[in-house]
There are 2 protein chains.
Amino acid sequence: MKFLEDRIRKDGQVRPGNILKVDSFLNHQLDVELLDEIGKAFYDKYKDAGITRILTIEASGIAIACSCARYFDVPVVFAKKAKSRNIDGEVYTSVVHSFTYGKDYQITLSKKYLGPDDTVLLVDDFLAVGKAMRGMLDICSQAGAKVAGIGIAIEKGFQEGGRTLREQGYNLTSIAIVDSMTDDGQIVFREN
Amino acid sequence: MKFLEDRIRKDGQVRPGNILKVDSFLNHQLDVELLDEIGKAFYDKYKDAGITRILTIEASGIAIACSCARYFDVPVVFAKKAKSRNIDGEVYTSVVHSFTYGKDYQITLSKKYLGPDDTVLLVDDFLAVGKAMRGMLDICSQAGAKVAGIGIAIEKGFQEGGRTLREQGYNLTSIAIVDSMTDDGQIVFREN
């Protein structure tokens with residue numbers, strides 16, 4: 001959608017290696033007004049889907065999930081990237097490979113907060129190869145929860161995550177899809 | 001404040017070792033309406049302090065910071081717990097010991113998003129010994145930013161973090177202060 005494309009053009013920075021830096025508004029410094037526009041866009045898309053929980057993964061996803069949950073009036077649950085003393089009891093786990101950090105990590109979610117009666121909207125700030133999303137989908141599958149949709153702020157359309165998820169029938173909404181970037185900073189967005 | 005004390009009494013759980021579990025509404029599953037009440041309470045307290053940025057640390061702090069920033073109409077910046085490829089350029093760093101995870105970690109914040117012209121409200125979900133808060137204060141000191149206040153959802157009043165910060169002159173607001181917990185689940189809150 002145009003509001004996010006405009007903001008990426010204005011404040012995003014392209015770095016060699018197909019890295020798109022949006023840390024001034026989306027994943028280090030956070031523009032809450034923009035996050036609310038993203039949350040509203042997901043609400044417009046999935047408001048009739050019977051969503052009972054917004055699921056995301058720490059850390060950047062939390063901000064988008066909170067903006068989203070405000071519209072849906074449902075709780076957020078975020079998967080944790082480390083086993084914490086703050087989670088006890090039975091948990092779902094899955095292993096995710098992070099290209100950003102260059103390693104595997106385990107994500108954890110308490111069984112108390114996701115189950116077969118849930119209809120879930122999964123949200124995250126970025127979708128590239130889709131490893132983090134696969135981990136969340138794995139947890140939803142373990143929980144027996146219904147995945148009503150996936151909401152992504154920025155999809156890297158030149159990587160396979162989005163295409164594969166769509167081919168598998170997931171209802172995926174990406175606010176902005178970057179089809180290509182050049183090292184001199186040009187960004188080509190996919191037409192909607 | 002009563003709204004958070006009531007919620008802790010209703011949904012919090014005391015575990016041996018002075019662990020207070022509030023993962024059903026504050027740091028795993030998130031109740032956005034409650035977060036907004038917390039943000040509003042901080043706004044009421046610091047609205048005339050000239051706040052330019054809300055600073056927190058990933059992950060649970062992000063949700064409170066976003067609710068807070070909505071009232072102040074300023075950006076959130078969150079310190080990252082790992083060196084990410086998503087941050088480049090000059091950074092502030094500090095080392096924090098986590099009792100929850102039982103290890104030291106480095107926190108990182110881009111110099112672009114905090115400087116000597118900033119007046120900061122620091123927020124976090126918990127304050128116990130205060131190690132994470134010390135890391136954030138260290139970063140504010142490196143940045144030359146003014147710390148106008150510290151907003152905490154739940155302070156463990158029987159640990160030294162809050163007392164020490166108040167003795168050092170920080171303007172600290174804790175929405176709920178737990179003075180003691182017993183293994184049979186009783187929680188005593190400090191009178192305001």
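Residues numbered from 1 in each chain as written. Chains lettered and ligands numbered in written order. Predicted model: local features only at pLDDT ≥ 70, side-chain atom pairs only at ≥ 80, totals over all residues. Heavy atoms only, no water.

K.L.:
Break down the sheet that holds strand E4 (residues 53-57) of chain B for me, with residues and values.
P.N.:
Here seven strands make up an open sheet; going across it, the order is E3(A)-E5(B)-E4(B)-E8(B)-E9(B)-E10(B)-E11(B) and the pairing mixed. Edge strands, defined here as strands with exactly one partner in the open sheet, are strand E3 (29-30) of chain A together with strand E11 (187-189) of chain B. The pairing of strand E8 (residues 119-127) of chain B with strand E9 (residues 146-156) of chain B spans eight bridges and is classified as parallel. Bridge pairing in E9(B) links B:Thr119 to B:Lys146. (Pairing = 2+ DSSP bridges. Helix = DSSP H or I, 4+ residues; strand = E, 2+ residues; numbered from the N terminus.)

K.L.:
Requested: an account of the nonpolar core, with residues and values cited.
P.N.:
Nonpolar side chains tend toward joint burial in soluble globular proteins. By size, the foremost hydrophobic cluster in this structure holds 81 residues, and its most contacted members are A:Ile54, B:Leu4, B:Ile38 and B:Ile54. Once residues lying within four places of it in the same chain are set aside, the contact partners of B:Ile38 are B:Phe3, B:Leu4, B:Leu26, B:Ile64, B:Ala153 and B:Ile175. (Core = buried A, V, L, I, M, F, W, Y, C linked by side-chain atoms within 4.5 Å. Buried < 20%, exposed > 50% of the residue type's maximum accessible area, 1.4 Å probe, protein only. Contact = heavy atoms within 4.5 Å.)

K.L.:
So what's going on with helix H3 (residues 60-72) of chain B? Which residues, and what values?
P.N.:
All names here are of chain B. Over its 13 residues, H3 extends 19 Å from the first C-alpha to the last, a length consistent with the 18 Å expected when each residue adds 1.5 Å. Burial within H3 is extensive, with eleven of its 13 residues counted as buried. Within H3, burial applies to Ser60, Gly61, Ile62, Ala63, Ile64, Ala65, Cys66, Ser67, Cys68, Ala69 and Phe72. Directly beyond the C-terminal end of H3, a positive phi value near 55 degrees is found at Asp73. (Expected span 1.5 Å × (residues − 1).)

By themselves these figures say nothing about function.
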